[in-house]
Amino acid sequence: MAKLIGCVGTSHIPAIGGAIHKGLQQEPYWKPFFDGFPPVHAWLAQKRPDVAVIFYNDHGLNFFLDKMPTFAIGAAAQYNNADEGWGIPTLPPFQGEVDLSWHIVNALIDKDFDVVTCQEMLVDHSCTLPLKLLWPQGPCPVTVVPICINTVQFPLPKASRVYALGKAVGEAIASWDSSKTVAVIGSGGLSHQLDGERAGHINKEFDLQFLESLNSNPEWATQFSIHELVEKAGTQGIELLMWLAMRAALTSGPQPGVRKVHSNYHIPISNTATGLLALEKTGT
Ligand code: DHB
Ligand code: FE
């Protein structure tokens, strides 16, 4: 059976793509953000996952307001990065892990998650920037399964439902008949609000509590309603749902322990509180 090695949560602000393109990683503005990554690179180089299952949120590129699935899973052989017009350089296509995609789709539908299956799916910065941040050198060494969770148009899925989805995805990965190793990525947040009266809203106290909960008490955020989470983290900070799904995926198996590999938190990049958290799965 496949082996789930752990997870990495990271922010996905489009300006990061511009900074990578221009080589600004060591500039004072960017350094505190990019300096979080080398310990995670070292861990990934040691663990060498074959596949990345990515919880991300499309921002109106592949799904617009007229058709908005709550949960959508990519089952494509290749994913093209088209982004949604920010002008950041696009990355070469990413290779899909089709067999795992269908295994997850079947397992989820069997557990009453009626997901949308996408045999073609354009992906935006939310899916592609984490891959570039985690594997900055050369072509991306992992194949991918993108799982999109709607955080763009209400109604959004409840945190408890997202947690259940993540757990079911983790169980599906663990039951995949393959000798490959898999890492789970959560892309989004942390607290930020890009528009409206509260534009610029950042909530450091909540973010740090949320990061700590992922380490020690992963269901903590499920106590809050979506509106409470939006109030705390901001209208776009609700992207933290990706981190919740990611962490829930690690609770599969009889010994669902984790070890913190590394974390980083920096305010702000653009209008966003940035976070990074890598956890290694210790149980089997
Ligand atoms: C920003 C953050 C996001 O999560 C996003 O998708 C787009 C922009 C920002 O802070 O600029
Ligand atoms: Fe976003």
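Rules and cut-offs
- Within any chain, residue numbers begin from 1 and follow the written order of that chain's sequence.
- Here every chain gets a letter starting at A, and every ligand a number starting at 1, in the order they are written.
- Confidence filtering applies because this is a predicted model: local features only for residues at pLDDT of at least 70, side-chain atom pairs given and counted only at 80 or more, and all residues used for totals across whole chains, interfaces and linings.
- Helix and strand assignments come from DSSP, with helices taken as H or I runs of at least 4 residues and strands as E runs of at least 2, each series counted from the N terminus.
- Only the C-alpha atoms count toward the radius of gyration. The rule for a globule is 2.2 Å times the residue count to the power 0.38.
- Here the C-beta atoms are placed from the backbone, and a residue counts as buried if at least 20 other C-beta atoms lie within 10 Å of its own, exposed if 12 or fewer do, and partly exposed otherwise.
- Between N-to-C directions, angles cover 0 to 180 degrees, with each direction set by a line fitted to C-alpha atoms, over the stretch in contact for helices.
- Angles below 35 degrees are treated as roughly parallel, those above 145 as roughly antiparallel, those between 65 and 115 as roughly perpendicular, and all remaining angles as oblique.
- Left-handed describes a crossing whose near helix is turned anticlockwise from the far helix by less than a right angle; the clockwise case is right-handed.
- Here contacts are defined at the residue level, using C-beta atoms placed from the backbone and a cut-off of 7 Å between them.
- Classes in brief: Ala, Val, Leu, Ile, Met, Phe, Trp, Tyr, Cys and Pro nonpolar; Asp, Glu, Lys and Arg charged; the others, Gly included, polar.
- Residues enter a nonpolar core if they are buried, belong to Ala, Val, Leu, Ile, Met, Phe, Trp, Tyr or Cys, and are joined to the set through C-beta atoms within 7 Å.
- Using a C-beta atom placed from the backbone, a residue is scored as near a molecule or strand whenever that atom is within 6 Å of it.
- Strands are treated as partners if at least two bridges between them are detected by DSSP.
- Here the expected length of a helix is defined as 1.5 Å per residue gap, with one fewer gap than residues.
- Of all possible arcs, the one meant is that of the directions from the helix axis to the C-beta atoms.

J.: Outline the overall build of the protein chain, listing residues and values.
T.: On a plain count of helices and strands, the protein chain comes out with nine helices and 10 strands. Compactness check: the protein chain gives a C-alpha radius of gyration of 17 Å against a globular reference of 19 Å for 284 residues, within 12% of the reference. On the principal axes, the C-alpha backbone points of the protein chain span a range of 45 × 40 × 40 Å. For the protein chain, the residues scored as buried account for 48% of the 284 residues in total.

J.: How would you explain the packing of helix H6 (residues 159–174) against helix H9 (residues 241–249) if you had to name every residue and give the values?
T.: Two elements in contact, H6 and H9, have axes whose closest approach is 7 Å; the angle formed by their N-to-C orientations is 40 degrees. Regarding the angle of H6 to H9, the classification is oblique. Of the two elements, H6 crosses H9, and the hand of that crossing is right-handed. Seen from H6, the contacting residues are Ala 159, Val 162, Tyr 163, Leu 165, Gly 166, Lys 167, Val 169, Gly 170 and Ile 173; seen from H9, they are Leu 241, Leu 244, Ala 245, Met 246, Arg 247, Ala 248 and Ala 249. Here the contact of H6 with H9 is built from residues that sort into 12 nonpolar, two polar and two charged.

J.: Outline the nonpolar core, supporting the account with residue identities and numerical values.
T.: Val 53, Leu 244 and Ala 245 are the most contacted members of the largest nonpolar core, which totals 83 residues. In contact with Val 53, not counting residues within four places along its chain, are Val 145, Ile 147, Val 169, Ile 173, Val 182 and Val 184.

J.: Break down the site of ligand 1 for me, citing the residues and quoting the values.
T.: The immediate surroundings of ligand 1 are formed by His 12, Ile 13, Pro 14, Ala 15, His 59, His 192, Leu 194, Gln 236, Glu 239, Ser 270, Asn 271 and Thr 272. Of the residues belonging to the shell around ligand 1, the class tally is four nonpolar, seven polar and one charged.

J.: Talk me through the pairing of strand S3 (residues 71–74); I want residue IDs and the actual numbers.
T.: Covered by surrounding structure in S3 are Phe 71 and Ile 73 together with Ala 72 and Gly 74, the residues of both alternating faces. Looking at chain direction, S3 and strand S7 (residues 143–149) are connected through three bridges and run antiparallel. Within S7, the position partnered with Ala 72 by the bridge is Cys 148. Summarising the sheet, S3 and strand S6 (residues 116–118) pair through three bridges and their orientation is parallel. Residue pairing in the sheet places Gly 74 in a bridge with Cys 118 of S6.

J.: Explain helix H4 (residues 98–110) to me, and be specific about the residues and the numbers.
T.: Counted at 1.5 Å a residue, the expected span for H4 with its 13 residues is 18 Å, and the 18 Å between its end C-alpha atoms agrees. Buried residues of H4: Leu 100, Ser 101, His 103, Ile 104, Val 105 and Leu 108, and no others. Along its buried surface, H4 packs onto strand S2 (51–56), S3, S6, S7 and H6.

J.: Can you explain the sheet that holds strand S9 (residues 258–269)? Please cite residues and give values.
T.: Across the sheet, which stays open at both edges, the eight strands sit in the order S6-S3-S7-S2-S8-S1-S10-S9 with mixed pairing between neighbours. Of all the strands in the sheet, the pair left with one neighbour each is S6 and S9. Strand-to-strand twist across the sheet, computed as the mean angle between neighbouring axes with direction ignored, equals 15 degrees. Sheet topology places strand S1 (residues 3–10) next to strand S10 (residues 272–281); five bridges connect them, and they run antiparallel. Bridged to Val 8 within S10 is Ala 278. Against the sheet, H6 engages S1, S2, S3, S7 and strand S8 (181–187), with an angle of about 145 degrees to S1.

J.: A description of helix H8 (residues 226–233) should follow, citing residues and the corresponding values.
T.: In an α-helix, one full turn covers 3.6 residues, which means residues spaced three or four apart are oriented alike. The set of residues buried in H8 consists of Leu 229, Val 230, Lys 232 and Ala 233. Each buried residue of H8 sits inside an arc of 165 degrees when the element is viewed along its axis, so together they form one side. Among the exposed residues of H8, those pointing more than 90 degrees away from its buried face are His 227 and Glu 228. In this fold, the buried residues of H8 make contact with H6 and helix H7 (204–216). Directly beyond the C-terminal end of H8, a positive phi value near 100 degrees is found at Gly 234.

J.: Could you give an account of the pairing of S10, naming the residues involved and the relevant values?
T.: With nine of 10 residues buried, S10 lies mostly within the body of the structure. Alignment of S9 against S10, held across nine bridges, turns out to be antiparallel. Bridging from a neighbouring strand, Ser 263 pairs with Leu 277 of S10. The loop that links S9 with its antiparallel partner S10 comprises two residues; one of these, Ser 270, has a positive phi angle of about 55 degrees.

J.: Give me the lowdown on the environment of Gln 223, citing residues and values where you can.
T.: Tracing the sequence through the fold places Gln 223 in the loop between H7 and H8. Each C-alpha atom of the pair Gln 223 and His 125 lies 29 Å from the other, and the pair is 98 residues apart in sequence.

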